[in-house]
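Below, each chain spelled out in residue letters.
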Amino acid sequence: MAEAPRPYRPQLPAKDWNVIAPYVRGVVARAEPLVTYSARELYPAVTRLAHFTRTEYAPLDDASVFDPYMVNRFITHHLAAYNRASRNTIRARLRRVSEALLGDDAVGKFKTLGKADAVTPYSVAEQASLESWSRTQTSEERRTSAAALLALGFGAGLTGAEIIRQRLEDISESGATLIVQVAGENERDVPVLQEWDEGLRARLQFMDREGWAFRTDQRGSNINLITDFVSRTGPEVPLQTRRMRATWLVGHLNRATPLKALLRIAGLQSAEALDRVLPFADDGSAR
């Protein structure tokens with residue numbers, strides 16, 4: 001006779017688990033027949049989300065716990081220290097449960113969130129948090145790499161691939177402004193915003209102006225280089241190069257940078273490419 005499976009027991013204080021256990025067990029029982037994941041796979045993800053929801057002072061019901069915005073907030077903030085693979089695994093399980101329990105409404109919200117998250121600019125507080133994270137790295141190599149990463153993203157709007165390929169020999173000065181010469185398909189010269197150039201100057205000094213702008217021991221072709229670097233120290237605010245670039249684009253729109261000049265330094269072919277960030281620009285910005 002097969003041994004009965006052990007009841008699930010998370011690593012939570014007993015008083016916390018006792019409060020959410022009936023709801024968690026009910027969700028797993030209802031969702032398991034509707035999704036491709038087993039109860040064993042669902043329990044940890046559902047438990048963490050339910051516990052997080054309580055800390056947000058929201059009720060323990062499906063509409064609150066599995067609201068896509070709650071799931072997204074949980075993944076973004078509560079799991080910020082997890083590596084990318086673990087976050088994606090938990091996100092996938094919770095999304096399937098949410099869609100199974102809430103139906104088409106959840107499906108639509110998740111699609112909207114997926115499009116918005118990639119382009120939502122960082123707030124001033126989030127930028128400050130990332131700058132603080134860069135200064136807490138464990139070596140000068142990592143500190144200057146992190147600083148250059150932020151400078152090239154927030155200060156010059158480079159894509160992730162461009163940051164990885166950027167050489168320090170291709171950074172010059174024009175008066176008091178650093179100029180990044182971007183090579184490749186979208187070759188261009190980009191002036192670095194002065195509020196972000198300090199980190200890049202520190203990298204230039206540390207590397208004696210030669211070598212890779214980001215990470216010394218690399219070859220310029222590892223597309224996961226930034227992800228791997230960030231996952232080791234997990235900033236409180238998730239770092240995404242697309243969001244840094246969006247922040248830079250919106251900043252130029254708010255400064256009323258002439259459209260043709262912005263398209264040129266951004267490596268964009270048409271103004272339509274700005275459509276996804278325009279909603280975040282101040283009223284009256286350049287269009």
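Everything numeric here is computed off the predicted structure, so don't read it as measured data.

A.B. asks: Quick rundown of the sheet that holds strand β2 (residues 177-182)? Include the residues and the values.
C.D. replies: Taken in spatial order, the three strands make up an open sheet running β1-β2-β3, and their pairing is antiparallel. Only two strands of the sheet have a single neighbouring strand rather than two, namely β1 (171-174) and β3 (188-191). The sheet shows a mean angle of 30 degrees between the axes of neighbouring strands, direction not considered. Inspection of the sheet shows β1 paired to β2 by four bridges, in the antiparallel sense. Paired with serine 174 across the two strands is threonine 177, which belongs to β2.

A.B. asks: Could you give me a rundown of helix α2 (residues 39-55), with the residues and numbers involved?
C.D. replies: Across its 17 residues, α2 extends 24 Å between first and last C-alpha, which sits within 8% of the 24 Å expected from 1.5 Å per residue. The set of residues buried in α2 consists of Ala39, Leu42, Tyr43, Ala45, Val46, Thr47, Leu49, Ala50, His51, Phe52 and Thr53. Each element contacted by the buried residues of α2 is listed here: α1 (14-31), α3 (62-65), α4 (68-78) and α5 (84-102). Positive phi shows up at tyrosine 57, right after α2, with a value of about 60 degrees.

A.B. asks: I'd like to hear about the nonpolar core, residue by residue, with values.
C.D. replies: Core analysis: the biggest nonpolar cluster contains 49 residues, and Leu200 and Leu239 have the highest contact counts within it. At the level of secondary structure, the elements contributing two or more residues to this core comprise α7 (124-135), α8 (140-154), α9 (160-165), β2, α10 (197-206), α11 (225-233), α12 (241-254) and α13 (259-266). Broken down by element, the residue count for this core peaks at seven residues, all from α8. Sequence-distant contacts of leucine 200, defined by excluding residues within four places in its chain, comprise Ala148, Ala151, Leu152, Ile171, Leu178, Val180 and Val192. Membership of the second largest hydrophobic core comes to 29 residues, among which are Tyr23, Tyr37, Phe66 and Ile75.

A.B. asks: Describe the packing of α8 against α10, naming the residues involved and giving the relevant values.
C.D. replies: Their axes nearest at 7 Å, the elements α8 and α10 cross at an angle of 140 degrees. Viewed along their axes, α8 and α10 adopt a mutual orientation that is oblique. As for the relative orientation of α8 and α10, their crossing is left-handed in sense. For the pair α8 and α10, contact is made by Glu140, Glu141, Thr144, Ser145, Ala147, Ala148, Ala151 and Leu152 and by Gly199, Leu200, Ala202, Arg203 and Phe206, respectively. For the contact of α8 with α10, a count of residues per class yields seven nonpolar, three polar and three charged.

A.B. asks: Please give an account of the packing of α8 against α12 that cites residues and values.
C.D. replies: Angle between the axes and distance between the axes are the two parameters that describe a pair of packed helices. Following both chains from N to C, one finds α8 and α12 inclined at 45 degrees, their axes separated by 7 Å at the closest point. Taken together, the axis directions place α8 and α12 in an arrangement best described as oblique. Together, Leu149, Leu150, Gly153 and Phe154 of α8 and Met244, Arg245, Thr247 and Trp248 of α12 make up the contact between the two elements. Of the residues in the contact of α8 with α12, the class split is five nonpolar, two polar and one charged.

A.B. asks: Outline the pairing of β2, listing residues and values.
C.D. replies: Burial runs high along β2: five of the six residues are buried. Adjacent in sequence and paired antiparallel, β2 and β3 are bridged by five residues, among which glycine 184 carries a positive phi angle near 105 degrees.

A.B. asks: How would you sum up the packing of aromatic side chains? Please name residues and give values.
C.D. replies: Throughout the structure, instances matching the rule amount to seven aromatic pairs. Taking 5.9 Å as the distance between ring centres and 80 degrees as the angle between the ring planes, the aromatic pair formed by tyrosine 8 and tryptophan 17 counts as edge-to-face. Where tryptophan 133 meets phenylalanine 229, the ring centres are 6.1 Å apart and the plane angle is 80 degrees; that geometry is what we call edge-to-face. Placement of tryptophan 133 in helix α7 and of phenylalanine 229 in helix α11 is noted, with a sequence separation of 96 residues between them. Residue classification places phenylalanine 229 among the buried residues on the basis of a relative accessible area of 3%. An aromatic cluster is built from Tyr8, Trp17 and Tyr43, whose rings are joined through pairwise contacts. It is arginine 167 that lies over the ring of tryptophan 212; its NZ or CZ is 4.6 Å from the centre.

A.B. asks: Residues and numbers for the environment of aspartate 67, please.
C.D. replies: Take aspartate 67: it is sitting in the loop between α3 and α4. Sequence spacing of aspartate 67 and alanine 106 is 39 residues, and the spatial spacing of their C-alpha atoms is 6.9 Å. A polar side-chain atom of aspartate 67 sits 2.7 Å from the main-chain amide nitrogen of tyrosine 69.

A.B. asks: I'd like to hear about the pattern of salt bridges, residue by residue, with values.
C.D. replies: This model, assessed by the stated rule, comprises 15 salt bridges. For glutamate 141, the salt bridge is made with arginine 215, and the minimal N-O distance between the two is 3.0 Å. You can see glutamate 141 sitting in helix α8 and its partner arginine 215 sitting in the loop between α10 and α11, a full 74 residues away along the chain. Across the pair, arginine 215 and glutamate 141 agree in class, each one buried. By sharing partners, the salt bridges in this structure join Glu173, Asp197, Arg201 and Arg209 into a single network.

Cut-offs and rules
- Residues numbered from 1 in each chain as written.
- Predicted model: local features only at pLDDT ≥ 70, side-chain atom pairs only at ≥ 80, totals over all residues.
- Heavy atoms only, no water.
- Pairing = 2+ DSSP bridges.
- Helix = DSSP H or I, 4+ residues; strand = E, 2+ residues; numbered from the N terminus.
- Axes fitted to C-alpha atoms, helices over the stretch in contact; angles between N-to-C directions.
- Expected span 1.5 Å × (residues − 1).
- Buried < 20%, exposed > 50% of the residue type's maximum accessible area, 1.4 Å probe, protein only.
- Contact = heavy atoms within 4.5 Å.
- Core = buried A, V, L, I, M, F, W, Y, C linked by side-chain atoms within 4.5 Å.
- Parallel < 35°, antiparallel > 145°, perpendicular 65-115°, else oblique.
- Left-handed = near helix turned anticlockwise from the far one by under 90°.
- Nonpolar A, V, L, I, M, F, W, Y, C, P; charged D, E, K, R; others polar.
- Phe/Tyr/Trp six-rings, centres within 6.5 Å; stacked < 30°, edge-to-face > 60°.
- Lys NZ or Arg CZ within 6 Å of the ring centre and 35° of its normal.
- Polar contact = N/O pair within 3.5 Å; in protein donor to acceptor, adjacent residues only side chain to side chain.
- Salt bridge = Lys/Arg side-chain N within 4 Å of Asp/Glu carboxyl O.

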